[in-house]
Amino acid sequence: MVGARLAREKRNHLTGLLAAHFTRREPVQQAGKYIDGLMSDLPDKNCWSLAQHAGDASPGKMRRLLERAAWDQGAAMRTVRDFAVEHLAGSDGLTVLVLDESGQVKQGERTAGVKPQYAGCAGRVTNAINFVNATYSTARGHALTGSRLWVPEQHLTGPATRDMMGIPGHLQPATKPQLGAQMLAEKLDAGIEVPWAAADEVYGQDPGLRELCEERGAGYMPGVACSFRVTLPSGARMRADQALKKVPRRAWTITSCGAGSKGDRRYAYAWIAARDRRRHLLIRRNLHDPARTGYFWCFVPEGRPVSLPILAKVCGRRWTVEEDHEFGKDQFGYDHAQVRLYTPVMRHLTLVMAALAICAVTAADLRATSPAPPAPTRAGQQPPHDPGLIPFTVPEVKRLYMLFNQALHSIAHGLRWSRWRRRHQARARWYHHRARLRGLETFP
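Quick summary incoming for the structure in this document.

What the rule picks out here adds up to three cavities of 30 Å³ or more. Reported here for the largest cavity is a volume of approximately 70 Å³. Together, Ala-197, Ala-198, Ala-199, Tyr-203, Leu-209, Arg-210, Cys-213, Tyr-220, Met-221 and Pro-222 line the largest cavity. Residue assignment for the lining of the largest cavity shows that the elements contributing at least two residues are strand E5 (196-199), helix H9 (207-216) and strand E6 (219-224). A volume near 50 Å³ is recorded for the second largest cavity. The wall of the second largest cavity is formed by Gln-104, Lys-106, Phe-131, Tyr-334, Ala-337, Val-339, Val-345, His-348 and Leu-349.

Below is the structure:
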């Protein structure tokens, strides 16, 4: 129950910090109930279900919290950011701010930001809204620390449309990379150290984001398209995929970009210098499918040590924002809010970020006292009789927190299930690690 109590302490601490952005006590208490509901096992986390979970007589209080209560959503999101940064900050110099977008499928034409657009959750163009999110990722853990709703320009041009969707008057048209740059600049202005920024090709093709990093002394490593043009030390200018053809076999290095649930995530990397000695083209190749190749444009600020393992680890941190999106949607109701106006949409997202941050910070603290069990060291090794327990994860912390809020007679049963799940996952982890080792033996 140490983990459950620690999660409760983190929850109380964060809600206490958020109270400064409310004008009355009642909405603060309601926000705490909202966060508790997001950390529950409710299948649908909307105002109706959250109100019932909280013991309210009707959804009115939850609706008021999102729609009409007086509180500063922007300042609240910054408080969640500062809470996560304070507890997750690392000292290894490999802190990465990862930018990416996540979508929600919506019906109708009245929701702020909605239009036919590509949504990753659907895998196609559909009627949806998209958020640009920023994950703060360190060796201790990661959590969402910023978000911007992308609003199409046509929603910002007419006063009637703005009023219908509740879009604030100060909001101006911005591309997704520009929204990402805004969140990066906001963190740097707040004195938060961001040694590295990472993103996918959408952001890698934007010169404004790269220029901001260079001006503020942040390294970057966004993905770029195969058509991205690189100037080599010889002065020759060519596409990234053309540079790939010039890489000799001996130049490839197999190294890990970080630990995953199934073992070290190993790839083959080639590191190509550009004419500017602070810039490099990193090429990543899948060990089992060499045709799956990724290109990354790297900038290393003056005075910053750089090596291939460092670049590989920074590159590997990009997956953490995808995990935060997965946790947000599967565990905390990221895409469950049934609201349309701009402010309620952003308020729901802020409270989701708070719930995720509480569990991420708690899991980070618990992992420091419960290291991972030993992994296999050779492909044919047999697993031990007792594989141990995997470290605490964000979903497991959420389950323990739910136990803390349930009746006492269910705690023992829930704890037995918690140990069973962790032991089962540890055994699966063992076999995944061994399968990865066997795969490496067959790599040419």
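Closest axis-to-axis distance for the helix H1 (residues 2-18)/helix H5 (residues 73-88) pair is 9 Å, and the angle between their directions is 140°. By the angle class used here, H1 and H5 are oblique. With respect to the hand of their crossing, H1 and H5 are arranged in right-handed fashion. Contacts between H1 and H5 pair Lys-10, His-13, Leu-14, Leu-17 and Leu-18 from the former with Ala-76, Thr-79, Val-80, Phe-83 and His-87 from the latter.

Another aspect to go through is the packing of aromatic side chains. As enumerated under the stated definition, the model contains five aromatic pairs in all. When the ring of Phe-22 is compared with that of Trp-71, the centres are 4.9 Å apart and the planes differ by 10°; the resulting orientation is stacked. In this pair, Phe-22 sits in the loop between H1 and helix H2 (25-38) while Trp-71 sits in the loop between helix H4 (60-67) and H5, placing the two residues 49 residues apart along the sequence. Ring plane angle 70° and centroid distance 6.3 Å describe the contact between Tyr-267 and Tyr-269, whose orientation is recorded as edge-to-face. For Tyr-269, a relative accessible area of 0% corresponds to the buried category. Cation over ring: Arg-284 sits above Tyr-267, and NZ or CZ is 4.6 Å from the ring centre. The lysine or arginine in question, Arg-422, covers the ring of Phe-392, its NZ or CZ lying 4.0 Å from the ring centre.

Criteria and cut-off values
Residues numbered from 1 in each chain as written. Predicted model: local features only at pLDDT ≥ 70, side-chain atom pairs only at ≥ 80, totals over all residues. Heavy atoms only, no water. 1 Å grid on protein atoms, 1.4 Å probe; cavity = no way out; pocket = protein on both sides within 12 Å on 5 of 7 lines; lining within 4 Å. Points joined across faces, edges and corners; volume = space filled by probe spheres on them. Helix = DSSP H or I, 4+ residues; strand = E, 2+ residues; numbered from the N terminus. Axes fitted to C-alpha atoms, helices over the stretch in contact; angles between N-to-C directions. Parallel < 35°, antiparallel > 145°, perpendicular 65-115°, else oblique. Left-handed = near helix turned anticlockwise from the far one by under 90°. Contact = heavy atoms within 4.5 Å. Phe/Tyr/Trp six-rings, centres within 6.5 Å; stacked < 30°, edge-to-face > 60°. Buried < 20%, exposed > 50% of the residue type's maximum accessible area, 1.4 Å probe, protein only. Lys NZ or Arg CZ within 6 Å of the ring centre and 35° of its normal.

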